[in-house]
Amino acid sequence: MSRPGRDDAPDRLYTITQGRSRTGPDSPFDLVTLVVAESDPVAGMQSEHVAILRMTELPASVVEIAAELQLPVSITKVLLCDLLAAGRVSARHPRRPAITDPDILEQVLVGLRNL
């Protein structure tokens, strides 16, 4: 059993990324980065770019996008970098938890232990 996008069509992956297999070191994308569309698809866009823009009308993580497209995450990141460079998507990391005070966390832990 082959995994989608892995062994079944390497020439397709090469074609949709125009030969690129990795993003640069300054790429803002990791697995949990939330991606939001900033524009609608336009005529003549690559089908994967159109699919990403439609998928990200509401925030979606990079790993969700890759799963929906059935593409490796590395290839998905290349496509997302293209859209980011064109200003068609924005990327942000999920917010950190609101509770970062160690005293509050300690109180929660003590409360859980008392249950």
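About the cut-offs
- Throughout, residues of each chain are indexed from 1 in the direction in which the sequence is written.
- Where totals are concerned, whole chains, interfaces and linings use all residues; where local detail is concerned, this predicted model gives features only for residues with pLDDT of at least 70, and gives and counts side-chain atom pairs only at 80 or more.
- Water and hydrogen atoms play no part in the side-chain values, which are based on all heavy atoms of the structure.
- To form a nonpolar core, buried Ala, Val, Leu, Ile, Met, Phe, Trp, Tyr and Cys residues must be joined to one another through side-chain atoms within 4.5 Å.
- Think of it in three bands: with a 1.4 Å probe and only protein chains considered, a residue is buried below 20% of the maximum accessible area for its type, exposed above 50%, and partly exposed in between.
- Put simply, DSSP marks the helices as runs of H or I at least four residues long and the strands as runs of E at least two long, and each gets a number from the N terminus on.
- For this analysis, residues touch if any pair of their heavy atoms sits within 4.5 Å.
- Think of each axis as a best-fit line through the C-alpha atoms, taken over the contacting stretch in the case of a helix, with angles from 0 to 180 degrees between the N-to-C directions.
- By definition in this entry, angles of less than 35 degrees are roughly parallel, angles greater than 145 are roughly antiparallel, angles of 65 to 115 are roughly perpendicular, and the rest are oblique.
- Working rule for handedness: look at the near helix, and if it is turned counterclockwise from the far one by less than a right angle, call the crossing left-handed; if clockwise, right-handed.
- Polarity classes work like this: nonpolar for Ala, Val, Leu, Ile, Met, Phe, Trp, Tyr, Cys and Pro, charged for Asp, Glu, Lys and Arg, and polar for all others, with Gly in that last group.

Taking an unreviewed UniProt entry as the reference, the protein is identified by name as DUF742 domain-containing protein belonging to Streptomyces broussonetiae.

Novice: Help me understand the nonpolar core in this model?
Specialist: Across soluble globular proteins, nonpolar side chains have a tendency to be buried as a group. Counting residues in hydrophobic clusters, the biggest one holds 19 residues, and the most contacted among them are Val35, Ile52, Ile65, Leu71 and Leu80. At the level of elements, helix 1 (10–16), strand 1 (34–37), helix 2 (47–55), helix 3 (62–69) and helix 4 (73–85) are the ones that each hand at least two residues to this core. Looking at which element gives the most residues to this core, the answer is helix 4, with four residues. Setting aside its immediate chain neighbours within four residues, Ile52 contacts Ile65, Leu69, Leu79, Leu80 and Leu83.

Novice: Looking at this structure, I do not really get the packing of helix 2 against helix 3. What am I missing?
Specialist: In helix packing, the relevant descriptors are the interaxial angle and the interaxial distance, both defined with respect to the helix axes. Where helix 2 meets helix 3, the axes come as close as 11 Å, and the angle between the chain directions of the two elements is 130°. Compared by their axis directions, helix 2 and helix 3 come out oblique. Between helix 2 and helix 3 the crossing geometry is right-handed. Contact residues: Ala51, Ile52 and Met55 in helix 2; Ile65, Glu68 and Leu69 in helix 3. When the residues that make up the contact of helix 2 with helix 3 are grouped by side-chain class, the tally is five nonpolar, no polar and one charged.

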